[in-house]
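An overview of the molecular structure
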Amino acid sequence: MKHNNLWAPWRIEYLKSLSPSPDDQGCFFCNYWAAPDRDREHLVLWRTPRCLVIFNRFPYTAGHLLIAPADHLPDLADLPDPALLEIMRLAADAQKALAETIQPQGFNLGLNIHRCAGAGLPGHLHLHLVPRWDGDTNFLTTCAHTRLISQSLDDLYDQLKETSRQLNLPTALIGRMDS
Ligand SMILES: [Zn+2]
């Protein structure tokens, strides 16, 4: 199918991000966590005491975000309660930011735990937040023909940064969760 061609660059970037290479070893969540000075380049939207919120570079729809704890752990049960709470607080904040910025009509929020469940990076748990619109099941086959998504990744990053500033997100609660 010809629309796959336009998605190939994204998939290549995505697969590269999952594979160790000489200049980018191992897990991209861990790499991003360790490089706060490169947050803009990595499309890290928010960095909180225990988590990162980043743009999925192989998005299901525009604004598809990933919320990952700092700890490289595969299972929910491995995470301490403060990290679990912070992940859900960030999901709520991210939903609010997306709602304000791009007005989705709905959201999917999900965890793919272990490879057989669809986890692209099973060693490092992460929560997907996917904005949804009526009829967007056709999104990949229709909009992928255009440059909409590639443009919107960078543009949307800036828009969400601005919304975050205006709404004071992520919430101050996260700062008070450190104990
Ligand atoms: Zn990791």
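**Topic: the overall build of the protein**
The helix and strand inventory of the protein stands at seven helices and five strands. Written out in order from the N terminus, the α and β elements of the protein read α-α-α-β-β-β-α-β-β-α-α-α. Scored against the burial criterion, the 179 residues of the protein give a buried share of 42%.

**Structural notes on the confidence of the model for the protein**
Within the protein, residue pLDDT values average 81, and 73% of them lie at 70 or more. Put simply, helix H1 (residues 3-18) is where the protein has its lowest mean pLDDT, 46, and strand S3 (residues 65-69) is where it has its highest, 97. Contacts for the low-pLDDT stretch residues 1-13, under 50 throughout, to residues beyond four places or in other chains number 18 contacts. When the criterion is pLDDT under 50, residues 141-147 qualifies, and its contacts beyond four places in sequence or with other chains add up to ten contacts.

**Observations regarding the nonpolar core**
Counting 26 residues, the largest nonpolar core has Leu45, Trp46, Val53, Phe55, Leu65, Ile67 and Leu160 as its most contacted members. Looking at this core, the elements that each hand over two or more residues are strand S1 (44-47), strand S2 (51-55), S3, helix H4 (81-102), strand S5 (127-132) and helix H6 (148-167). The greatest single-element share of this core, amounting to eight residues, is contributed by H4. Not counting chain neighbours up to four residues away, the residues in contact with Phe55 comprise Leu43, Leu45, His64, Leu65, Leu153, Leu156, Tyr157 and Leu160. Cys27, Tyr32, Ala68 and Leu121 belong to the second-largest nonpolar core, a separate cluster that totals ten residues.

**Things to note about the environment of Leu160**
Mapped onto the elements of the fold, Leu160 is located in helix H6. A relative accessible area of 0% means that Leu160 is categorised as buried. For the pair formed by Leu160 and Ala97, sequence separation is 63 residues and the distance between their alpha carbons is 6.5 Å. Once residues lying within four places of it in the same chain are set aside, the contact partners of Leu160 are Leu45, Phe55, Ala97, Leu98 and Thr101.

**Side note on the coordination of the zinc ion**
Around the zinc ion, the protein contributes the donor atoms Cys27 (SG), Cys30 (SG), His72 (ND1) and His124 (ND1), which lie 2.0 to 2.3 Å from the metal centre. One can describe the donor arrangement at the zinc ion as tetrahedral, given that its four donor atoms subtend angles of 101 to 117° at the metal. Here Cys27 falls in the buried class, since its relative accessible area comes to 10%.

**Quick notes on the environment of Asp136**
Within the secondary structure, Asp136 sits in the loop between S5 and helix H5 (139-142). Looking at Asp136, the relative accessible area reads 7%, which means it is buried.

**A word on the sheet that holds S5**
Taken together, the five strands give an open sheet; going across it, the order is S1-S2-S3-S5-S4, and neighbouring strands pair in antiparallel fashion. Either end of the sheet is taken by a strand with one partner, and the two such strands are S1 and strand S4 (106-111). Adjacent strand axes in the sheet meet at a mean angle of 20°, parallel and antiparallel pairs treated alike. Direction of pairing for S3 relative to S5: antiparallel, over a ladder of three bridges. Its bridge partner being in S5, Leu65 is matched across the sheet by Leu129. The strands touched by H4 are S1, S2, S3, S4 and S5; relative to S5, the strand with the most contacts, the crossing angle is about 20°.

What counts, and at which threshold
- Residues numbered from 1 in each chain as written.
- Predicted model: local features only at pLDDT ≥ 70, side-chain atom pairs only at ≥ 80, totals over all residues.
- Heavy atoms only, no water.
- Helix = DSSP H or I, 4+ residues; strand = E, 2+ residues; numbered from the N terminus.
- Buried < 20%, exposed > 50% of the residue type's maximum accessible area, 1.4 Å probe, protein only.
- pLDDT = per-residue confidence, 0-100.
- Contact = heavy atoms within 4.5 Å.
- Core = buried A, V, L, I, M, F, W, Y, C linked by side-chain atoms within 4.5 Å.
- Donors = N, O, S within 2.8 Å, 3.2 Å for Na, K, Ca; no water.
- Tetrahedral: all angles 85-135°; square planar, octahedral: opposite > 155°, others 65-115°.
- Pairing = 2+ DSSP bridges.
- Axes fitted to C-alpha atoms, helices over the stretch in contact; angles between N-to-C directions.

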